[in-house]
Amino acid sequence: MLELLKPASINVSRQLTIEDLHVIEVQARQYNLLPLIYDRLASIGPDAGKNCIDFLNRLKPLYLGNVARVIRQKTVRDDLLNLLAKEELSACPLKGSAIAQEIFGNIGARASADIDILVKEQDIHRVDNLLSVSGFRTCESLPLGFLLTRTHHALYQHTNSGEYVEIHWNFGVPSFFNLSSSDIWKEITPDQNGLLKLSNEMLLIQTIIHHFMHAFRDLKILVDVLWILGSYNEVIDWPRLAVRLKHLGLVRATTIALDQLRDLWPDKCASLPAYTTLTGILQKKHSPVTSALLSYFRMELKEPSHKISLPDGFMQRFALDRCSTTCYAFIKTLFPLPKSIKAFYSDQRNLMLPLYYLRFFGWRIKEWLL
């Protein structure tokens, strides 16, 4: 499967056996990569061999089903973008069909569970109010004010289509990286169709943060990183990007992702100037990644978990560049800032803070145990 996932011409010198294709299908299903695998195999054409053609014919309904869902998601997304534009609210599509078309050249090559839209942080309450009266319902049990201080998106569901929409105001936990909503929006411009899009550098930064937020365990996101490196190999100024990663606090996270790429696709990485240049520069930066951390986050092709485990969430924080940020990440897990507690309990009274902190501590422990 790994050979099929890398951005290069597929070697057809050896015909895939039925057993090969069975293993590929099982792994591709586990990591939600079946659409990309199908697209890659279909690109071979008649030279793929009888086993592969039979395999594609069997999976064609699944692939077309994903394409149909992508088109449905795109329709909901475009309607939402138009709705926001009418209220003069800026919005930029993220991930999903946007990244599929950008780096894979085919919107059907990537499956997405939801639609991702980036808005400006100062607009989030207006966006929330607009969605609530426009056929969307919130899927969040926590107050929006609390989410704004603790995470980077809120989940909604479109009641007519049933599609889920994540409204983002950042790429990750606000306190983890030196990247604000305004910083992101400085690098968003219209494409040739007038649709807003991230700059090439910002797309890679967003994908690395996305990989971090999934505790470096999602192979699909790592494949996105690999294809972005391949697609923008001669476009991005890699030394300049390395300086930016240092400023953002992303050296360790990027180093872990690059190490995972080397483990899975050593030949491709060795021949990719983007990889060799970026790796060489980051090794000289002052945020070294210990061999123990690299070993812990080594990507293994086994049954993936759809929920970040407690050990992964714990170790993830050591992938932050600054010791102060790591310490703060642990502290605020149990003891958020007062404004976060006030938002969580919808009560602005300082007098109630001690009681609310005790209640929050108990809620957090119960959440971990369950």
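Trainee: Residue-level account of the pattern of salt bridges, with values.
Mentor: According to the stated counting rule, one finds 18 salt bridges in the structure shown. In this structure, Arg69 and Glu163 form a salt bridge, with 3.1 Å as the shortest nitrogen-oxygen distance. Taken together, the positions of Arg69 in helix H4 (residues 50–86) and Glu163 in the loop between strand S4 (153–158) and strand S5 (164–168) put the pair 94 residues apart, joining distant regions of the chain. You can call Arg69 partly exposed: its relative accessible area is 28%. Using a relative accessible area of 2% as the deciding quantity, one classes Glu163 as buried. Across the pair Arg77 and Asp78 runs a salt bridge, and its minimum N-O distance is 3.0 Å. Assessed through its relative accessible area of 8%, Arg77 is described here as buried. One salt-bridge network, in which partners are shared between bridges, spans Glu187, Glu201, Arg240 and Arg244.

Trainee: Residues and numbers for a nonpolar patch on the surface, please.
Mentor: A surface patch of nonpolar side chains, about 290 Å² in accessible area, is lined by Ile331, Phe335 and Phe361. Residue Phe361 is classed as partly exposed on the basis of its relative accessible area, which comes to 34%.

Trainee: Tell me what's going on with the state of the cysteines, and back it up with residues and numbers.
Mentor: All told, the structure shown has zero disulfides when counted by the stated rule. Of all cysteine sulfurs, the one in Cys323 lies closest to Cys327, which takes part in no disulfide; the gap is 6.6 Å.

Trainee: Which residues make up the nonpolar core, and what are the values?
Mentor: Leu41 and Leu219 are the most contacted members of the largest nonpolar core, which totals 87 residues. With near-sequence residues (within four places) excluded, Leu41 lies in contact with Leu4, Ile10, Leu16, Leu21, Cys52, Phe55 and Leu56. Counting residues in hydrophobic clusters, the runner-up holds 22 residues, among them Leu81, Leu84, Leu89 and Leu148.

Trainee: Quick one: what's the story with the packing of helix H2 (residues 18–30) against H4, residue by residue and with numbers?
Mentor: With their axes 10 Å apart at the nearest point, H2 and H4 run at an angle of 30 degrees to one another. On the basis of their axis angle, the class for H2 and H4 is roughly parallel. Between H2 and H4 the crossing geometry is right-handed. In this structure, H2 contributes Ile18, Leu21, Glu25 and Arg29 to the contact, and H4 contributes Asn51, Cys52, Phe55, Arg58, Leu59 and Leu62. For the contact of H2 with H4, the class distribution of residues is six nonpolar, one polar and three charged.

Definitions and limits used
Residues numbered from 1 in each chain as written. Predicted model: local features only at pLDDT ≥ 70, side-chain atom pairs only at ≥ 80, totals over all residues. Heavy atoms only, no water. Salt bridge = Lys/Arg side-chain N within 4 Å of Asp/Glu carboxyl O. Helix = DSSP H or I, 4+ residues; strand = E, 2+ residues; numbered from the N terminus. Buried < 20%, exposed > 50% of the residue type's maximum accessible area, 1.4 Å probe, protein only. Patch = residues over 30% accessible without salt bridge, like charges linked within 9 Å, V, L, I, M, F, W, Y side chains within 5 Å. Areas by Shrake-Rupley, 256 points an atom, 1.4 Å probe, with all protein chains shown as cover. Disulfide = S-S within 2.5 Å. Core = buried A, V, L, I, M, F, W, Y, C linked by side-chain atoms within 4.5 Å. Contact = heavy atoms within 4.5 Å. Axes fitted to C-alpha atoms, helices over the stretch in contact; angles between N-to-C directions. Parallel < 35°, antiparallel > 145°, perpendicular 65-115°, else oblique. Left-handed = near helix turned anticlockwise from the far one by under 90°. Nonpolar A, V, L, I, M, F, W, Y, C, P; charged D, E, K, R; others polar.

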